[in-house]
Number of protein chains: 2
Amino acid sequence: MALGDNGSIRIGVIGGGQLARMMVPPAIHLGLEISVLAETEGMSAKRAADQVGDYRDPETVYAFAETVDVVTFDHEHVPQEILTELERRGVPVHPKPHALQFAQDKILMREKLAELGVPVPQWAAVEDEASLQEFIDANGGRAVVKTARGGYDGKGVRVVSNADEVRDWFTALAEDARGGFLLVEELVDFTRELSQLVARRPSGEMRHWPVVETIQRDGVCAEVLAPAPVSNEAILDEAARIGEAVASGVDVTGVLAVEMFETTDGRVLVNELAMRPHNSGHFSIEGSVTSQFEQHLRAVADLPLGDTSMTAPAAVMVNVLGGPEEGPMPVRYQKVLAEYPSAKIHSYGKQPRPGRKVGHVTVVGDSLEEARAEAQAAANAFG
Amino acid sequence: MALGDNGSIRIGVIGGGQLARMMVPPAIHLGLEISVLAETEGMSAKRAADQVGDYRDPETVYAFAETVDVVTFDHEHVPQEILTELERRGVPVHPKPHALQFAQDKILMREKLAELGVPVPQWAAVEDEASLQEFIDANGGRAVVKTARGGYDGKGVRVVSNADEVRDWFTALAEDARGGFLLVEELVDFTRELSQLVARRPSGEMRHWPVVETIQRDGVCAEVLAPAPVSNEAILDEAARIGEAVASGVDVTGVLAVEMFETTDGRVLVNELAMRPHNSGHFSIEGSVTSQFEQHLRAVADLPLGDTSMTAPAAVMVNVLGGPEEGPMPVRYQKVLAEYPSAKIHSYGKQPRPGRKVGHVTVVGDSLEEARAEAQAAANAFG
């Protein structure tokens, strides 16, 4: 019997952040039951947080899983041992642990992408300063070094020219049971950063959205332009081809974000993977017929996927980051809503801290230029 | 201090039906706290149903009101005495009791519309069969008789040619403390039925959506075409003018639906009022930049209203009614979602009963014809 044949589909989301929060509206519209296992009280997804507990505690996760029909995630941090035990107990888990490991470990990911023949930057797994320095010297004197695990929003990433700039990481990793390798990559000469979102269900059905441009500031996604204003149309097809090749190749179920570089010589190289709805897909709430959040729910419930066409020629999303002074977003609503009546305001219900993503603004329109100007102005009005 | 100046706006909704349910997604996106006082466990709005109790019980309502900053409604049935006491206690209530009374009593509504000079069908308040028969004879031998209170979805409405066809109502009403009047109206010769939605905030700011056509079957709204394919453009302006005149004239706060007839001789006459989001506005979830549900929340929180432009040239909504055989809507999802990937499916989480509204389907597109064909086909696939 497929999920839903008795009229009830209960989706459990581990993690109570803004991604879980934004799964709740499409769950309500589609009539799917959604429950969240949140880390603490009062998190972004509190409206659906039926349980609060530690996702690293096996018994907490197993007990939560017993209340739902399928388990999915707000983040990629649930330990593999817990995920595989859930599978052993017959709980559908999406994405599956054997796919999720590639989002959890960047070295495994690079190895897998190489095996799939997907274009990536020059890279190496290095376990000491000497081999790191050798890579740096062979690649123009500078390189990007990443910790294999735990990298997030620019943390765990350094651009270095001398191997001793990551000596602290080697020291820490030497005590790591996983062997102490760091990932080093060439510094790619890129025109822009792209993100290709793809959804895939257990049956293998896939849908992709138009590739978007992501604009980073201080290592954090600041803006997303949909569709990406790429240099030539062939890049759209190449990005989609790569996105679907990765989704199939690693057997992703749910939404996959493939972050890429468009290089100055017109190639597309894969940078990172995320196996969940992603900041680069928030535009799709208003900008696509089927949002990434609705599609993720459909995919993990093994329901047919929705149309990913855009609802207008352009959509631009701008993140709202917490600053040192302002309060929660609604404090500015009298001003912002009055001045930007067509901007779609999303607040994550968080107390602001400097640099913390507390919400975003999306504007849909006829041109990227106009939509971007309005979305930036509305987001800035929260600052 | 305006609501939200401290970063928290808590909206309380009395009634746990599908209208309350569909207020939850925009509350989540805008970062407004929403709580529902539901009649029973397991209702449509259960995801936000923090309390369950009887809205006719004063203490239940007062206790609920203490947990929120503003009270609004899923329906118009909360007794006036309770509403006025809430106001006396300083709780913001939107719409206010002095406005809501016109949606609660059709005779009061007709009197008020006459006072405002709004065009309405010929009508009379009659308290016996003789005066009813007199009206019928003077208006072509047939008329529409309505109970002043409790009419809903075609119940409490009869088309009669003899006064004795509503003798049971006169008998029942004779025992009614309110005097026992029935409303009688001429049978209007109409081309189509229209619905004009308007939102108004306490400050007086108003926004209206394009007038829509509503297609009724068996006295229940079956389809909505947005915008209405009216006979001439002047009707669009006239409908909007009437909608705003009524909203101001009765001091509505929140969303107001003004149901109207477009007559065969090109006039627009007001039929009914609803002071809450309305079935004729469900298209706006995908079809408008700001949906009626988001706008209702903004209005009752006294926040600036959003853009009501359409997101595409056409949007068509088709209701899904329960039949005698099928189970809850998700039972058909494998088939329906596969065949209609661009239809937006809304399930209210209800167990179906024959004729009960259990959900709706909206399709947005370039033409009413295409959107309607697809929305009908998708809705029929649940049958």
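What you are looking at is a predicted structure, and each value in this text was computed from that prediction instead of being measured.

Colleague: Go over the domain arrangement of chain A, please, and point to the residues and values.
Modeller: All names here are of chain A. In terms of domains, chain A is made up of domain 1 (10–93), domain 2 (122–186) and domain 3 (190–380). Distance from the C-alpha centre of domain 1 to the C-alpha centre of domain 3: 23 Å. At the junction of the two partners, domain 1 supplies 18 residues and domain 3 supplies 21 residues. Between domain 1 and domain 3, the buried area comes to about 1600 Å², and carbon and sulfur atoms account for 67% of it. The interface formed by domain 1 and domain 3 contains one salt bridge. We note a salt bridge from Glu 76 to Arg 276, for which the minimum N-O separation is 3.5 Å. Where domain 1 packs against domain 3, one counts six residue pairs in polar contact (both at pLDDT 80 or more). Elements that contribute at least two residues to the side of domain 1 that touches domain 3 include exactly helix 1 (18–30) and strand 4 (70–73).

Colleague: Residue-level account of helix 12 (residues 368–380) of chain B, with values.
Modeller: Spacing of three or four residues puts side chains on the same side of an α-helix, whose turn is 3.6 residues. For helix 12 of chain B, spanning 13 residues, the distance from its first C-alpha to its last is 18 Å, which sits close to the expected 18 Å at 1.5 Å a residue. On the buried face of helix 12 of chain B, the contacting elements are strand 12 (220–226), strand 15 (314–321), helix 11 (333–339) and strand 17 (357–365) of chain B.

Colleague: Please give an account of the UniProt feature "binding site: ATP" (unreviewed entry) in chain A that cites residues and values.
Modeller: Residues and elements named next belong to chain A. Residues annotated in UniProt with the feature "binding site: ATP" (unreviewed entry) correspond here to Lys 106, Lys 146, Glu 185, Glu 186, Leu 187, Val 188, Glu 193, Asn 271 and Glu 272. Within the secondary structure, Lys 106 is located in helix 5 (residues 106–116). Each residue touching Glu 193, except ones within four places of it in the same chain, is listed here: Val 212, Glu 213, Thr 214, Gln 216, Met 260, Phe 261 and Asn 271.

Colleague: How would you explain the relation of the copies chain B and chain A if you had to name every residue and give the values?
Modeller: With an RMSD of 0.0 Å, the operation that places chain B on chain A is a rotation of 180 degrees combined with a shift of 0.0 Å along the axis. With respect to symmetry, the two chain copies, as superposed, fit the operation of a two-fold axis. Scanning chain B for the C-alpha nearest the rotation axis identifies Pro 25 of chain B, at a separation of 2.2 Å.

Colleague: Summarise helix 8 (residues 234–249) of chain A; cite the residues concerned and give the values.
Modeller: A rise of 1.5 Å per residue sets the reference length of helix 8 of chain A, with its 16 residues, at 22 Å; its end C-alpha atoms lie 22 Å apart and thus fit the reference within 8%. Once helix 8 of chain A ends, the next one or two residues include Asp 251 of chain A, with phi positive near 65 degrees.

Colleague: Just give me the short version of the pairing of strand 5 (residues 123–126) of chain A, but keep the residues and values in it.
Modeller: Residue and element names in this part refer to chain A. What you see with strand 5 is a clean split: Ala 124 and Val 126 sit on the buried side and Trp 123 and Ala 125 on the side with no burial. Looking at chain direction, strand 5 and strand 8 (residues 182–186) are connected through four bridges and run antiparallel. Paired with Val 126 across the two strands is Leu 182, which belongs to strand 8.

Colleague: Explain the sheet that holds strand 8 of chain A to me, using residue names and the numbers behind them.
Modeller: All names here are of chain A. Overall, antiparallel pairing links the four strands, which are arranged 5-8-6-7 in an open sheet. Edge positions in the sheet fall to strand 5 and strand 7 (157–160), since each has one partner strand and no second. Strand-to-strand twist in this sheet, taken as the mean axis angle between neighbours without regard to direction, amounts to 25 degrees. Sheet strands in contact with helix 5 are strand 5, strand 6 (143–147) and strand 8, and its direction is about 50 degrees off that of strand 8.

Colleague: Now, about the sheet that holds strand 2 (residues 33–38) of chain A: what can you tell me, with residues and values included?
Modeller: All names here are of chain A. Taking strand neighbours across the sheet as the criterion, the four strands line up as 3-2-1-4 in an open arrangement whose pairing is parallel. In this open sheet, the two edge strands, each paired with only one partner strand, are strand 3 (51–52) and strand 4. Both strand 1 (residues 10–14) and strand 2 contribute to a ladder of five bridges, which runs parallel. Opposite Val 13, over in strand 2, you have Val 36 as the bridge partner. Running over the sheet, helix 10 (residues 292–300) touches strand 1, strand 2 and strand 4 and is turned about 145 degrees from strand 4.

Colleague: Any chance you could break down unusual backbone geometry for me, citing the residues and the numbers?
Modeller: Following Ala 226 of chain A, the chain continues to Pro 227 of chain A via a peptide bond in cis, the omega torsion being -5 degrees. Phi is positive for Asp 251 of chain B, which is not a glycine, with a value near 65 degrees. With respect to the element layout, Asp 251 of chain B can be found in the loop between helix 8 (234–249) and strand 13 (254–263).

Colleague: Tell me what's going on with the environment of Ser 347 of chain B, and back it up with residues and numbers.
Modeller: As for its placement among the helices and strands, Ser 347 of chain B is situated in strand 16 (residues 344–347). A relative accessible area of 4% places Ser 347 of chain B in the buried class. Along the backbone, Ser 347 of chain B and Ile 82 of chain B are 265 residues apart, and their C-alpha atoms lie at a distance of 32 Å. Ignoring sequence-local partners within four residues, the contact set of Ser 347 of chain B consists of Ile 28, His 29, Leu 30 and Gly 31 of chain A together with Arg 21, Met 329, Pro 330, Tyr 333, Val 358 and Gly 359 of chain B.

Colleague: Quick rundown of the nonpolar core? Include the residues and the values.
Modeller: Core analysis: the largest hydrophobic core is formed by 94 residues, its most contacted members being Ile 345 of chain A together with Ile 345 of chain B. With near-sequence residues (within four places) excluded, Ile 345 of chain A lies in contact with Met 329, Tyr 333, Val 336, Leu 337, His 360, Val 361 and Phe 382 of chain A together with His 29 and Leu 30 of chain B.

Colleague: Tell me about the pattern of salt bridges, and please be specific about residues and values.
Modeller: For side chains bearing opposite charge, pairing can occur when the charged atoms are close. All names here are of chain B. Applying the stated criterion across every chain, the model contains 54 salt bridges over all chains. Among the salt bridges present, the one from Glu 85 reaches Arg 88, with a minimum N-O distance of 2.9 Å. Here Arg 88 and Glu 85 lie together in helix 3 (residues 80–88), a separation of three residues that amounts to about one turn. Residues Asp 168 and Arg 158 are paired through a salt bridge, measuring 3.0 Å at the closest nitrogen-oxygen approach.

Colleague: Requested: an account of the environment of Arg 267 of chain B, with residues and values cited.
Modeller: All names here are of chain B. By the element assignment, Arg 267 lies in the loop between strand 13 and strand 14 (268–274). Residues Arg 267 and Glu 193, spaced 74 residues apart in sequence, show a C-alpha to C-alpha distance of 12 Å. In this view, Arg 267 contacts Phe 261 and Glu 262; residues no more than four positions away in its chain are not counted. Here the side chain of Arg 267 touches Asp 265 through a polar contact of 3.3 Å, side chain to side chain.

Colleague: Before we move on, could you go through the packing of helix 1 of chain A against helix 1 (residues 18–30) of chain B and cite the residues and values that matter?
Modeller: In contact at an axis separation of 9 Å, helix 1 of chain A and helix 1 of chain B are set at 160 degrees when each is read in the N-to-C sense. When the axes of helix 1 of chain A and helix 1 of chain B are compared, the pair comes out roughly antiparallel. Regarding helix 1 of chain A and helix 1 of chain B, the two cross each other, and that crossing is left-handed. Side by side, helix 1 of chain A and helix 1 of chain B meet where Arg 21, Met 22, Val 24, Pro 25, Ile 28 and His 29 of chain A of the first sit next to Arg 21, Met 22, Val 24, Pro 25, Ile 28 and His 29 of chain B of the second. Taken together, the residues of the contact of helix 1 of chain A with helix 1 of chain B sort by class into eight nonpolar, two polar and two charged.

Colleague: Residue-level account of the packing of helix 3 of chain B against helix 4 (residues 97–104) of chain B, with values.
Modeller: Residue and element names in this part refer to chain B. Relative to each other, helix 3 and helix 4 sit at 165 degrees, their axes nearing to 10 Å. As judged from the angle between their axes, helix 3 and helix 4 are roughly antiparallel. Crossing hand, helix 3 versus helix 4: right-handed. Taken together, the residues of helix 4 that come into contact with helix 3 (itself represented by Gln 80, Leu 83, Thr 84 and Glu 87) are Pro 97, Leu 100, Gln 101 and Gln 104. Class assignment for the residues of the contact of helix 3 with helix 4 results in three nonpolar, four polar and one charged.

Definitions and cut-offs
- Residues numbered from 1 in each chain as written.
- Chains lettered and ligands numbered in written order.
- Predicted model: local features only at pLDDT ≥ 70, side-chain atom pairs only at ≥ 80, totals over all residues.
- Heavy atoms only, no water.
- Domains from an automatic or database assignment.
- Contact = heavy atoms within 4.5 Å.
- Buried area = accessible area lost by both parts, 1.4 Å probe.
- Salt bridge = Lys/Arg side-chain N within 4 Å of Asp/Glu carboxyl O.
- Polar contact = N/O pair within 3.5 Å; in protein donor to acceptor, adjacent residues only side chain to side chain.
- Helix = DSSP H or I, 4+ residues; strand = E, 2+ residues; numbered from the N terminus.
- Expected span 1.5 Å × (residues − 1).
- UniProt positions renumbered as here; feature names shortened; annotations may be inferred.
- Least-squares fit on C-alpha atoms with pLDDT ≥ 70 in both.
- Buried < 20%, exposed > 50% of the residue type's maximum accessible area, 1.4 Å probe, protein only.
- Pairing = 2+ DSSP bridges.
- Axes fitted to C-alpha atoms, helices over the stretch in contact; angles between N-to-C directions.
- Core = buried A, V, L, I, M, F, W, Y, C linked by side-chain atoms within 4.5 Å.
- Parallel < 35°, antiparallel > 145°, perpendicular 65-115°, else oblique.
- Left-handed = near helix turned anticlockwise from the far one by under 90°.
- Nonpolar A, V, L, I, M, F, W, Y, C, P; charged D, E, K, R; others polar.

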